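Observations on the three-dimensional arrangement
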Amino acid sequence: MSEEPAAGEGPIRIVLADDHAVVRSGLRLLLEAEPAFEVVAEAGDVDSARRYVRGHHPRVLVLDLNMPGESTLDAIPGLRAELPDTEIVVLTMQEEPAFARQALAAGAAGYVLKEAADAELVEAVRRAAIGETYLNPALGARIAREPPPGPPDDLSEREVDVLRLIALGHTNTEIASQLYLSVRTVETHRAHIQQKLRASSRADLVRYALQRGLVSAES
């Protein structure tokens, strides 16, 4: 059922990003049939999407996962960091749980399959606009059944322990205390982890841990 904007509030402003004009046209009709929604711009690639988000400050960006130019997944963290008030709903044909995990770990608030867009996109946008998460139910069930892939074989069990605590925000001193190690040993483990994962920052390690299911977004 459609919901009107709350009293004193404007409509939920949306930017649509998909590289197919016909798809964008259909999505626009679907979304603007809702009185609470307003599509303020359409983009055909990641660069245009970023520009329109900067210019229009929408509440929600509906973002196709496969577009020309920069990787959509790689763009999500930067968009969220630069404009944290804009939530991102990914729209895609990718049904593999790994893609959904990566998108949500990168900062997306929703993951909708194109084949189910007519039934789910409105709900995903509505939830994203109030800070909630939406995941295609069938895909969510698959994710629940299929455990995330573990870390690569060249990460030791102790390195996994250190990585998990790093991702949870602990300092080297705190990690040393919890694992009964010296701070120097923790620093050595951390250097090895970064080398093995080709990670140059804590943000890279956190993203990896989320994608691999070593920590949850709610931790």
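Because the structure is a prediction, the values reported are computed rather than measured.

**Things to note about the packing of helix H9 (residues 183-197) against helix H10 (residues 202-211)**
- Put simply, H9 and H10 touch, their axes get as near as 11 Å, and they point 70 degrees apart. The orientation of H9 with respect to H10, classified from their angle, is roughly perpendicular. Along the contact surface, H9 presents Arg190, Ile193, Gln194 and Leu197, while H10 presents Arg202, Leu205 and Tyr208.
- Of the residues in the contact of H9 with H10, the class split is four nonpolar, one polar and two charged.

**With respect to helix H1 (residues 21-32)**
- Across its twelve residues, H1 extends 16 Å between first and last C-alpha, which sits within 8% of the 16 Å expected from 1.5 Å per residue.
- Of all the positions in H1, only Arg24, Leu27 and Leu31 are classed as buried. Each buried residue of H1 sits inside an arc of 65 degrees when the element is viewed along its axis, so together they form one side. In H1, the exposed positions angled more than 90 degrees off the buried face are occupied by Val22 and Leu29.

**A word on the pairing of strand S1 (residues 12-17)**
- Taking burial as the measure, the six residues of S1 include five buried ones, the bulk of the element.
- For S1 and strand S2 (residues 37-43), the ladder comprises six bridges, and the chain directions are parallel. Its bridge partner lying in S2, Val15 is registered against Ala41.
- After leaving S1, the chain enters H1 and then returns to the sheet as S2, a path that is right-handed.

**Concerning helix H3 (residues 72-82)**
- Looking at H3, one finds that the buried residues are Thr72, Leu73, Ala75, Ile76, Pro77 and Leu79.
- For H3, the elements touching its buried residues are helix H2 (46-56), strand S3 (60-64), strand S4 (87-92), helix H4 (97-106) and H10.

**So, the packing of aromatic side chains**
- Applying the stated rule across the entire model yields zero aromatic pairs.
- Positioned above the aromatic ring of Tyr52, the side-chain terminus of Arg51 is 5.5 Å from the ring centre.

**Considerations on the sheet that holds S4**
- Spatially, six strands are ordered S2-S1-S3-S4-S5-S6 in an open sheet, and the strand pairing comes out parallel. Pairing within the sheet leaves two strands with one partner each, and these edge strands are S2 and strand S6 (134-135).
- The sheet contact formed by S1 and S3 spans four bridges and is parallel. When the sheet's bridge partners are listed, Leu16 is paired in S3 with Val62.
- Docked against the sheet, H3 engages S3 and S4, running at close to 170 degrees with respect to S4.

**Focus on the nonpolar core**
- Counting 26 residues, the largest nonpolar core has Ala17, Leu61, Leu63, Ile76, Ile88, Val90 and Tyr111 as its most contacted members.
- Listing elements by their share of this core, those giving two or more residues are S1, S2, H2, S3, H3, S4, H4 and strand S5 (110-113).
- At four residues, H3 tops the list of elements feeding residues into this core.
- Once residues lying within four places of it in the same chain are set aside, the contact partners of Val90 are Leu63, Leu65, Ile76, Ala103, Ala108, Gly110, Tyr111 and Val112.
- Listed in part, the 22 residues of the second largest apolar core include Ile14, Val60, Ala109 and Tyr134.

**Quick word on the pattern of salt bridges**
- For the coordinates displayed, the defined rule picks out 16 salt bridges.
- A salt bridge links Glu34 to Arg126, with the shortest nitrogen-to-oxygen separation between them at 3.0 Å. Pair noted here: Glu34 is in the loop between H1 and S2 and Arg126 is in helix H5 (residues 117-129), with a separation of 92 residues, a long-range link.
- With relative accessibility at 14%, the residue Arg126 sits in the buried group.
- Among the salt bridges present, the one from Glu159 reaches Lys196, with a minimum N-O distance of 2.9 Å. Taken together, the positions of Glu159 in helix H7 (residues 157-167) and Lys196 in helix H9 put the pair 37 residues apart, joining distant regions of the chain.
- One network of salt bridges, with partners in common, ties together Arg24, Arg28, Glu32 and Glu42.

**Re the confidence of the model for the protein**
- Per-residue confidence for the protein gives a mean pLDDT of 87; residues scoring 70 or more make up 91%.
- Scored below 50 in pLDDT, residues 1-8 shows 13 contacts in the model against residues more than four places distant or in partner chains.

Procedures and definitions
Within each chain, residues carry numbers counting from 1 in the order of the written sequence. Thresholds applied to this predicted model are a pLDDT of at least 70 for local features of residues and 80 or more for the giving and counting of side-chain atom pairs; totals over whole chains, interfaces and linings are not thresholded and use all residues. In computing side-chain properties, one takes all heavy atoms of the structure into account and sets aside hydrogens as well as water. In this description, a line fitted to the C-alpha atoms serves as the axis of each element, helices being fitted only across the stretch in contact, and the angle between N-to-C directions of two axes falls anywhere from 0 to 180 degrees. Put simply, DSSP marks the helices as runs of H or I at least four residues long and the strands as runs of E at least two long, and each gets a number from the N terminus on. The scheme is simple: roughly parallel for angles under 35 degrees, roughly antiparallel for over 145, roughly perpendicular for 65 to 115, oblique for anything else. Contacts were defined at the residue level, with two residues in contact if any of their heavy atoms lie within 4.5 Å. Each residue is assigned to one of three groups, with Ala, Val, Leu, Ile, Met, Phe, Trp, Tyr, Cys and Pro labelled nonpolar, Asp, Glu, Lys and Arg labelled charged, and all others, Gly among them, labelled polar. Multiply 1.5 Å by the residue count of a helix minus one, and that product is the helix's expected span. With a 1.4 Å probe rolled over the protein chains alone, any residue whose accessible area is under 20% of its type maximum counts as buried; one over 50% counts as exposed, and the rest are partly exposed. The arc in question is formed by the directions pointing from the helix axis toward the C-beta atoms. Should DSSP find at least two bridges between two strands, the strands are taken to pair. Call a crossover right-handed when, viewed with both strands pointing away from you, the route from the first strand across the helix to the second goes clockwise. Pairing of aromatic rings covers Phe, Tyr and the six-membered ring of Trp, with a centre-to-centre limit of 6.5 Å; geometry is then stacked below 30 degrees between planes, edge-to-face above 60, and tilted otherwise. Sitting over a ring, as applied to charges here, requires NZ of Lys or CZ of Arg to be within 6 Å of the ring centre and within 35 degrees of the ring normal. For the purposes of this section, nonpolar cores are sets of buried Ala, Val, Leu, Ile, Met, Phe, Trp, Tyr and Cys residues that join through side-chain atoms within 4.5 Å. By salt bridge we mean one thing: a side-chain nitrogen of Lys or Arg within 4 Å of a carboxyl oxygen of Asp or Glu. Confidence per residue, as judged by the predictor, is encoded in pLDDT with a range of 0 to 100.

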